[in-house]
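Analysis of the macromolecular model
Chain by chain, the residues run as shown.
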Amino acid sequence: MTTLTRRNVLGGAAALALSGAANPAIAQSSAQPGFYRFKVGDIEVTSISDGVRKSKLTASPTRSASLEQFQDALAADGLPRDEIATTFNTLAVKNGKNLFVIDTGNGANTLAGGTGQAAANFAAAGYDAKDVEAVILSHFHGDHIGGLITPERAQAFPNAEIRVPLVEFNYWLDDANMNAAPEGSGLRNGHNNVRRVFGAIPGKFVSKFEWGREVAPGITAVATPGHTPGHTAFLIASGNVMLMAQADVTSGIASVFVRNPDWFAGGDMDGPTAVATRRKLYDRMVAERMLTTGYHLPLPGVGNVEKNGNGYKFTPLA
Amino acid sequence: MKELTRRNVLASAATVSVAAALGELSLVTAARAGAPQIGKQAAGFYRYKLGDFEVSVVADGVVRLKLPPAFVTNVKTEDVQAALKANFLDTEMFNNTYTPIVVNTGKNLVVIDTGLGEGNREQTKGTAGNFLTNLAAAGIDPNAVDTVIISHYHSDHVNGLLKGDSSPSFPNAVIRVPGQEHNYWMDDGEMSRQTSDRMVGLFKNNRRIFGNPEVAKRVQPYEAGKEIVPGITAVATNGHSVGHHSQIISSGSKSVFVQGDVTHVPYLFVRNPGWYLSGDQDPQTAEVTRRKVYDMLSAEKMMVQGFHFPFPSAAYIEKTPTGYRETYVQWSTTL
């Protein structure tokens, strides 16, 4: 056998089309499943996709790397160099008789942009929003809280308590912090969006939790500030299995920041703190061989991390 | 709607958090008698575009078994278990996944390999033999398939040619097979020389499948280096079996290498290309083939679709000091 190269394999291919006529019965289809289910001990967890937002890549999304360095990092994962596709995965956690949701997606008003699909995929996964006991939020960025309300500004989970990190709540609902952000800035828009969403939810539905506390049976809040001031990961444990739902400890095109943890992700509000948090949490996940989900890691959205050079490598659940 | 101010948001939330501190988190919700866990995975298909082609990865399923002794014939079981552990897997068990694909070229609708088939569904308690079910979930009509390509004649690749009632799964398809592979398994002399139960069983199984008149009349051989249908080219990759072949699918500037069983599970045999799978009929040749293919995949940065890779069974390959390393493709929920 000669050495294989793309050239000699394909170059030798005569146009030997045995079936010259086109098959008239076929049409391509874009339908694709939007969830993935797995077990953590006795707990049933489902990654629910909110969709994909695609954009042309014309400038580096991080000030820590040039465009070319960023493109090389994309290519290392087999991703295209000229486009970024941001994915969003909420979680449904069925623990005993209760159903919890962690983060909610961009909201159904963003369907035209390729996202806002979490509600439909949640239903496709066999769940009913009315059955959700509590929605647990990692932080208050729009892609995490948007799905709390419907386009008609009704509560998307009408019976659910909304459990939020105390530090996060106190930051975003402080008018002084809002007013310090320049008019028209992304940060100011973020503050406005928090008020838009929470303004549609009666206050009695909202409860705040502190880091280190159990926020639902088997689900503990883990301090992971940096991406936002009150950013929170969740440790989900059952039997001897642990899952770290890391939310946006790696954000954006998350795989790039898994490989390059010292780069500031575009959405990280406090870059140095986010980097320190990222390294600390990833080192813990490696040392304790934890399963992890990432809000911006594509489906199945769950796997393990290991050390890889100066960074880490994520391997989806086999 | 009441206007949101910091004061009323904080005040009401504070009320809740006092109660929460008392361990009464569910203030606003009566305890709902929850439905049971769902216990079922999403339909087993995944689609991607390859140039103008559309590839649907369609799971046949998984067989979970105790790690067979001498699963890798030339290393100790402890080494295999260490590799499983390094991939965060149970060291006592082995998960064997089966993943055929369907290629819609716009002109042809092509199935590559067929899984264990409906006939093995009961035996596996429904965990495998689900190719036709998942095909339906993917919206693909088996009657519309015009070509089935077989990589080699091991039962997990060919049994799905027949339904549970022994009628053809793809009644309107030509079945394209590697000529050398077909001739080997149909040769009575080769069969008479077999001594292992496994090989005798495989010979018998292939006669059951390819002796079926509905299959036999549809079989046409293909050759290495030639297109099987436009855009899908056969590549000789023997070793795992005598006439094992892979395929390269190309459309526009995009290509994927559909390897069949050049490596079995990646976390053992991609990372350790010198390991001999007990199912490799000629393990030395299989290793030579494996290294040639994986040198190419890593040099060309070509995606590989692996029949026994974890779903959706597509990855990129890098060279490492001791072998190769797989990086799985990132799923996209929209094409």
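Here is what the cut-offs are and how they apply
- Each residue is numbered by its place in its chain's sequence as written, counting from 1.
- Following the order in which they are written, the chains are lettered starting with A and the ligands numbered starting with 1.
- For this predicted model, a pLDDT threshold of at least 70 governs which residues receive local features, and a threshold of 80 or more governs which side-chain atom pairs are given and counted, while totals over whole chains, interfaces and linings are taken from all residues.
- Numbering goes from the N terminus for both helices and strands, where a helix is a DSSP run of H or I of at least four residues and a strand is a run of E of at least two.
- The span one expects for a helix is its residue count, reduced by one, times 1.5 Å.
- For every residue, the other C-beta atoms within 10 Å of its own C-beta are counted; 20 or more classify it as buried, 12 or fewer as exposed, and values in between as partly exposed. C-beta atoms are placed from the backbone.
- To obtain the arc, one takes the directions from the helix axis to the C-beta atoms.
- Contact between two residues is assigned whenever their backbone-derived C-beta positions fall within 7 Å.
- A strand pair is defined by DSSP finding two or more bridges across the two strands.
- Fitting a line to C-alpha atoms yields each axis, with helices limited to the stretch in contact; the angle taken between N-to-C directions then spans 0 to 180 degrees.
- pLDDT expresses how confident the predictor is about each individual residue, on a scale running from 0 to 100.
- For our purposes the nonpolar core covers buried Ala, Val, Leu, Ile, Met, Phe, Trp, Tyr and Cys residues that link as a set through C-beta atoms within 7 Å.

Another aspect to go through is helix 10 (residues 283-300) of chain B. Residue and element names in this part refer to chain B. Between its first and last C-alpha atoms helix 10 spans 25 Å; for 18 residues at 1.5 Å apiece the expected length is 26 Å, and the two agree. Those residues of helix 10 not exposed but buried are P283, A286, T289, R290, V293, Y294 and L297. Burial along helix 10 is one-sided: seen end-on, the buried residues are contained in an arc of 125°. Those residues of helix 10 that are buried are in contact with strand 13 (254-260), strand 14 (303-306), strand 15 (314-320) and strand 16 (323-328). Backbone geometry just after helix 10 places K301 at a positive phi near 50°.

Another aspect to go through is the sheet that holds strand 9 (residues 219-223) of chain A. Residues and elements named next belong to chain A. Ordered in space as 8-9-10-11-12-13-14, the seven strands form an open sheet in which the pairing is mixed. Bordering the open sheet on either side are strand 8 (214-216) and strand 14 (311-316), each of which pairs with just one other strand. Looking at each pair of strands side by side, their axes are set apart by 35° on average, direction ignored. Its contacts with the sheet put helix 9 (residues 271-287) on strand 10 (232-238), strand 11 (241-245), strand 12 (291-293), strand 13 (302-308) and strand 14, and the angle it makes with strand 13 is roughly 100°.

Let us look at the confidence of the model for chain B. Residue and element names in this part refer to chain B. Here chain B shows a mean pLDDT of 90. Residues at 70 or above account for 90%. Long-range and interchain partners of residues 1-31, a stretch whose pLDDT sits below 50, account for 45 contacts in this model, where long-range means more than four residues apart. Model confidence for the complex: the whole-complex pTM is 0.89, and ipTM, which rates the interface, is 0.86.

Let us look at unusual backbone geometry. In most cases, non-glycine residues show a negative phi, while peptide bonds are predominantly trans. A:P300 follows A:L299 through a cis peptide bond whose omega is 5°. Inspection of the secondary structure assignment puts A:P300 in the loop between strand 12 and strand 13. In this structure, the amide linkage connecting B:F311 to the following residue, B:P312, adopts the cis form with an omega of 0°. Residue placement: B:P312 occurs in the loop between strand 14 and strand 15. In the Ramachandran plot, B:K125 falls in the positive-phi region, its phi being about 55° despite a non-glycine side chain. Within the secondary structure, B:K125 is located in the loop between strand 6 (109-112) and helix 3 (131-137).

Considering every residue of chain A, the mean pLDDT works out to 92; 94% of them sit at 70 or more. Predicted confidence for residues 8-19 of chain A stays below pLDDT 50, and this span has 25 contacts to residues more than four positions away or in other chains.

Residues and elements named next belong to chain A. Strand order across the open sheet formed by seven strands is 1-2-3-4-5-6-7, with mixed pairing between neighbours. Taken across any chain shown, the strands that pair with only one partner, and hence form the sheet edges, are strand 1 (35-40) and strand 7 (206-209). Taken pair by pair, the neighbouring strands of this sheet meet at an average axis angle of 25°, ignoring direction. Both strand 3 (residues 83-95) and strand 4 (residues 98-102) contribute to a ladder of five bridges, which runs antiparallel.

What follows concerns the nonpolar core. One finds A:F100, A:V135 and A:I136 to be the most contacted residues of the largest nonpolar core, which totals 164 residues. Not counting the four nearest positions on each side in its chain, A:F100 is found in contact with A:V93, A:N95, A:V132, A:E133, A:A134, A:I136, A:A216 and A:I219.

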